[in-house]
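Spelled out from the first residue to the last, the chains are:
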Amino acid sequence: IKNIVSANASFGKNKFPIVYVYTVVPAVCKHGLPSYIKESLEQALFSQPDSTIIMVSNFAECHETEKSISKASNIMLVDSTKIISNRTQVFANLSREIFVLDGLNELWITSALRFFIMEDLMISYGYREILHVEADNMLYGNLSAILPLLREGYPGLAATPLTSGKFFITASVLWVSDISYLIKFNDFLLSMGTNKDNAWMIYLGWLRKFACCKKGGYNPDANGDGIKPFAVNEMSMLAFYHKYNPNEFRLLPVVPYYQSYARHRYVCDLASFAPGGSQVGPSTGSGVWDSNSWGQFIGGTSKKRGRDKGFTDSSHITGQAIGSSHCTISFICGNQSTSKVW
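Here the structure is a predicted model, which is why all the values come from computation and not from measurement. By convention here, each chain's residues receive numbers from 1 onward along its written sequence. Under the rules for a predicted model, residues below a pLDDT of 70 receive no local features and side-chain atom pairs below 80 are neither given nor counted, while totals for whole chains, interfaces and linings still include all residues. In computing side-chain properties, one takes all heavy atoms of the structure into account and sets aside hydrogens as well as water.

Draft legend 1. Looking closely at the packing of helix α7 (residues 179–193) against helix α9 (residues 234–244). As a rule, the C-alpha atoms of each element are fitted with a line to give its axis, helices using only the stretch in contact, and angles between N-to-C directions run from 0 to 180 degrees. By the criteria applied, helices consist of DSSP H or I runs no shorter than four residues and strands consist of E runs no shorter than two, each listed in order from the N terminus. Interhelical geometry of α7 versus α9 gives an angle of 110 degrees and a closest axis separation of 11 Å. With respect to α9, the element α7 is oriented roughly perpendicular. Crossing handedness for the pair α7 and α9: right-handed. Here Y181, K184, F185, F188, L189 and M192 of α7 come into contact with α9, specifically with M237, L238, F240 and Y241. Here is the rule for angles: anything less than 35 degrees is roughly parallel, anything more than 145 is roughly antiparallel, 65 through 115 is roughly perpendicular, and the remaining ranges are oblique. Two helices that cross are described as forming a left-handed crossing if the nearer one is turned anticlockwise from the farther one by less than a right angle, and a right-handed crossing if clockwise. Working rule for contacts: check all heavy atoms of both residues, and any pair within 4.5 Å makes them a contact.

Okay, structure coming up:
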């Protein structure tokens, strides 16, 4: 693939790397990359002039992927098949045993595999730090402006908590301050995949408290009640890792600071997930991070193809903020807030 810059290690060498990863499996290769990825990349190019925008995919295994973004210039394209390590291949093989297969894009397998691909990228290109962004996320504020805040306030890894019980954490964005922290997390995933020191069974025992029960589900008990299959995913694995490594894996604020959040038995302590709250790290500027809830509120869900705009999930931190404290969204131009648009 001639115009892929897997051979060009000097591309954007002195700029901060913002990394998108998407692996296409054979069953959906004919469709190439989802159309929204090109829009996300173009928005990143527009809003992040001081950063290198990197798209990593298995281009050599699926030639349709390059066609999907061939007209988006100034994007560093990296072929994951050219940088794959042995441990990445080992985890890819283990993934087919630990995740439920969907027969289509294999979301759970590829979502977890990306952490190893990021490790391969950082090693191959000598990156000390990166920010990973999921391919369906739009970037607006200039991230280079808050890099000093991330470096000082979030040593290690940082990501976005989704559920109030912190049993799902999304890598909607994943801050990696140093590759050593990513390697340690990937070691953790490998230990679960091989059930080293009973790690996999301990994880399932923890997850069962949050995602039981379904007849014939994952790892069923004597009564046939198992874990809901969708819950065995990278989000719960991130959450499980955070439980035991909170100082090396911190959480980004996902709701704004507000003194009067509603408090009752069905709502978590929302202030604790606001900038500087007890569950998250310090402020990273004037914005908050979206674990996917704000986006679903604005644009609806993929399941409904956007027909359910205004969607909230009461188990989500942001969903509780919207439902109980009437949080909404508006744009700010300069220092002036526009009228409410959602």
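Draft legend 2. Structural view of the environment of E97. Within the element layout of this structure, E97 appears in helix α4 (residues 86–98). The exposed category is assigned to E97, whose relative accessible area is 64%. Separated by 96 residues in the primary sequence, E97 and G193 have C-alpha atoms spaced 8.3 Å apart. Partly exposed describes any residue whose relative accessible area lies between the buried limit of under 20% and the exposed limit of over 50%, with all areas from a 1.4 Å probe on protein chains only and scaled to the type maximum.

Draft legend 3. Layout of the pattern of salt bridges. Salt-bridge detection follows one rule: a side-chain nitrogen of Lys or Arg within 4 Å of a carboxyl oxygen of Asp or Glu. Taken as a whole and judged by the stated rule, the model has 11 salt bridges. Residues R114 and E134 are paired through a salt bridge, measuring 3.0 Å at the closest nitrogen-oxygen approach. In this pair, R114 sits in helix α5 (residues 107–125) while E134 sits in the loop between β4 (130–133) and α6 (147–153), placing the two residues 20 residues apart along the sequence. The pair formed by R114 and E134 is uniform in burial state, with each residue classed as buried. One salt bridge connects R263 with D269, and the closest N-O pair in it is separated by 3.7 Å. With relative accessibility at 59%, the residue R263 sits in the exposed group. Within the structure, one salt-bridge network assembled from shared partners comprises R87, E119 and D187.

Draft legend 4. Representation of the sheet that holds strand β1 (residues 16–21) within the structure. What makes two strands pair is DSSP finding at least two bridges between them. The sheet built from seven strands is open, its strands ordered β3-β2-β1-β4-β6-β5-β9 with mixed pairing. Each end of this open sheet is capped by a strand with a single partner; those strands are β3 (76–79) and β9 (249–251). Sheet twist, expressed as the average angle between the axes of neighbouring strands with direction ignored, equals 30 degrees. With four bridges connecting them, strand β5 (residues 157–161) and strand β6 (residues 169–176) associate as antiparallel partners. Each bridged residue has a counterpart across the sheet, and for T160 the counterpart in β6 is T170.

Draft legend 5. Quick look at the confidence of the model for the protein. pLDDT expresses how confident the predictor is about each individual residue, on a scale running from 0 to 100. Summary statistics for the protein give a mean pLDDT of 90 and a share of 93% for residues scoring 70 or more. Note that residues 1–9 has pLDDT below 50 and, in this model, 21 contacts with residues that lie over four places away or in other chains.

Draft legend 6. Summary view of unusual backbone geometry. A cis geometry characterises the amide bond from C212 onward to C213, with omega recorded as 15 degrees. By the secondary structure assignment, C213 is in strand β7 (residues 212–215). For N198, which is not a glycine, the phi torsion comes out positive at approximately 65 degrees. By secondary structure assignment, the location of N198 is in the loop between α7 and α8 (199–211). Its identity is not glycine, yet N219 carries a phi of approximately 50 degrees, on the positive side. Looking at the element boundaries, N219 is found in the loop between β7 and β8 (225–227).

Draft legend 7. Structural view of the side chain of T170. By the secondary structure assignment, T170 is in strand β6. For this analysis, a polar contact is any N or O atom pair within 3.5 Å, provided that within protein one partner can donate a hydrogen and the other can accept it, and provided that sequence-adjacent residues contribute only side-chain to side-chain pairs. From its side chain, T170 meets the backbone oxygen of S291 in a polar contact 3.2 Å long. T170 has contacts with A159, T160, L162, M235, L238 and S291, leaving out every residue within four places of it along the chain.

Draft legend 8. Up close: a positive patch on the surface. A cluster of basic side chains, namely K303, K304, R305 and R307, defines a positive patch on the protein surface. Checked against the element boundaries, K304 lands in the loop between α10 (293–299) and α11 (317–325). Two joining distances apply to patches: 9 Å for like charges and 5 Å for nonpolar side chains (Val, Leu, Ile, Met, Phe, Trp, Tyr), and every residue must have over 30% relative accessible area and no salt bridge. Surface accessibility follows the Shrake-Rupley procedure with a 1.4 Å probe radius. Residue values consider only the protein chains on display as shielding. Residues scored as positive are Lys and Arg, those scored as negative are Asp and Glu, and His as well as the terminal groups of each chain are ignored. Throughout, a charge is located at the NZ atom of Lys, the CZ atom of Arg, the CG atom of Asp or the CD atom of Glu.

Draft legend 9. Highlighting α4. The span you would expect from a helix comes to 1.5 Å times its residue count less one. Between the first and last C-alpha of α4 there are 19 Å, a value that for 13 residues agrees with the 18 Å anticipated at 1.5 Å per step. Restricting attention to buried positions, one finds in α4 the residues T88, F91, A92, L94, S95 and I98. Elements that come into contact with the buried residues of α4 comprise α5, α7, α8 and α9.

Draft legend 10. Fine view of the packing of α5 against α7. Contact geometry of α5 with α7 gives a least axis separation of 10 Å together with a crossing angle of 145 degrees. The chirality of how α5 crosses α7 is left-handed. Mapping the contact onto sequence places A112, F115, F116, M118, E119, M122 and I123 in α5 and I179, L182, I183, F185, N186, L189 and L190 in α7. Considered class by class, the residues forming the contact of α5 with α7 number 12 nonpolar, one polar and one charged. Ten residue types, Ala, Val, Leu, Ile, Met, Phe, Trp, Tyr, Cys and Pro, are classed as nonpolar, four, Asp, Glu, Lys and Arg, as charged, and the remainder, Gly among them, as polar.

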